[in-house]
Amino acid sequence: MTSVTPVVMEATIRQTATLIFFHGLGDTGHGWTSPMGAVRSPHIKVICPTAPTMPVTLNAGFRMPSWFDLRSMEPSGPEDEEGIRKAAEMVHSLIAEEVAAGISTRRIVLGGFSQGGALAIYSALTFPQPLAGVIALSSWLPLHQKFPAEAIGNQNTPLLQCHGDCDPIVPYRWGQLTAFILKRIMTQTEFKTYKGMMHTSCPEEIADMKKFIDKVLPP
C-alpha cells in the first residue's frame, strides 16, 4: 500500500490542535480542503490524507482511492476486516506523528465523509488515548458486530454524526442504525439529519461542523 502525501493546511497562528479528515471512496485529500478551510480556526492544523488506490469489490474490482475494500453496502453484509484494521493502524500512526510534534491527543479531532467517516469512528473507538472529538458525515460503524467489545477508548469523546435523509449510497436508515449502536457505546453522541440531502454535504452541515469543532477545540 503506497500512501500518497496528505494535503496539509498549517495553522496560521501557533498550532495547538489538529483536525485529521478522511475523504470518501474514489476521492482524494484535495476534495475536502475547501470545506475544512471553512470550518477550522487559525490555531488548528488540518490534515487531509489520500487513500491508497486499490481494487474495490463493490465497484466491479475497479481500482480507486479507498481506505479498505468495500464488499457490500448492507449492515449485515461481508466486510474487509483485515483492510479496516490496517487502515485504523495508519490513522493511529498519523495521530502519533502529531503527538510527537507536541500536540496532545485531547487536542486532535478525527473526521471523515462516508467511508472516511466510517474509518474515523472505528479508529477512535480502537484508540486507547482520549481524543477531542469525532465527526462522521454520511457514514457508518465498520465491523459493528464486534462492538462494544472492541471499544478500548474514546467512549466519552464527543461525536457529531450527520446524515442526509435522501442518501442513495449510504442509506439514511443505516445512519440511524449506526446512531443507535453508537449511543450504546459512547456517552456524548449527536445525530443530525439534513432534509432532502443526498450523499453529499450542505452549508447547514458545514456550519454544524464548525460549531462542533469550535466547541471541542477552543483556542
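See the structure above.
This structure is a prediction, so every number in the text was calculated from the model and none was measured.

S.K.: Which residues make up the nonpolar core, and what are the values?
M.R.: In this structure, Phe22, Phe68, Leu110, Leu125 and Ile185 are the most contacted members of the largest nonpolar core, which totals 42 residues. Looking at this core, the elements that each hand over two or more residues are β2 (17-22), α2 (81-100), β6 (108-113), α3 (115-125), β7 (133-137) and α4 (172-185). The biggest single contributor to this core is α3, with seven residues.

S.K.: Outline the sheet that holds strand β8 (residues 159-164), supporting the account with residue identities and numerical values.
M.R.: Here seven strands make up an open sheet; going across it, the order is β1-β3-β2-β6-β7-β8-β9 and the pairing mixed. Of all the strands in the sheet, just β1 (4-9) and β9 (189-194) have a single pairing partner and so form its edges. Within this sheet the neighbouring strands show an average axis-to-axis angle of 15°, counted without direction. When β8 meets β9, the two strands line up parallel, connected through six bridges. Residue pairing for β9: His163 is matched across the bridge by Thr193. The sheet strands contacting α3 are β2, β6, β7 and β8, and the helix crosses β6 at an angle near 145°. Sitting on the sheet, α4 is in contact with β8 and β9, with an inclination near 160° to β8.

S.K.: Give a detailed account of the packing of aromatic side chains, specifying residues and quantitative values.
M.R.: Inspection of every chain in the model, using the stated rule, returns six aromatic pairs. Judged by centre distance (5.3 Å) and plane angle (90°), the rings of Phe22 and Trp67 are edge-to-face. Of this pair, Phe22 sits in strand β2 while Trp67 sits in the loop between β5 (62-65) and α2; the two residues are 45 residues apart in sequence, bridging distant segments of the chain. Assessed through its relative accessible area of 0%, Phe22 is described here as buried. A relative accessible area of 3% means that Trp67 is categorised as buried. On the basis of an interplanar angle of 90° and a centroid distance of 5.9 Å, the ring pair of Tyr122 and Phe147 is categorised as edge-to-face. You can see Tyr122 sitting in helix α3 and its partner Phe147 sitting in the loop between β7 and β8, a full 25 residues away along the chain.

Reading guide: rules and limits
Residues numbered from 1 in each chain as written. Predicted model: local features only at pLDDT ≥ 70, side-chain atom pairs only at ≥ 80, totals over all residues. Heavy atoms only, no water. Core = buried A, V, L, I, M, F, W, Y, C linked by side-chain atoms within 4.5 Å. Buried < 20%, exposed > 50% of the residue type's maximum accessible area, 1.4 Å probe, protein only. Helix = DSSP H or I, 4+ residues; strand = E, 2+ residues; numbered from the N terminus. Pairing = 2+ DSSP bridges. Axes fitted to C-alpha atoms, helices over the stretch in contact; angles between N-to-C directions. Contact = heavy atoms within 4.5 Å. Phe/Tyr/Trp six-rings, centres within 6.5 Å; stacked < 30°, edge-to-face > 60°.

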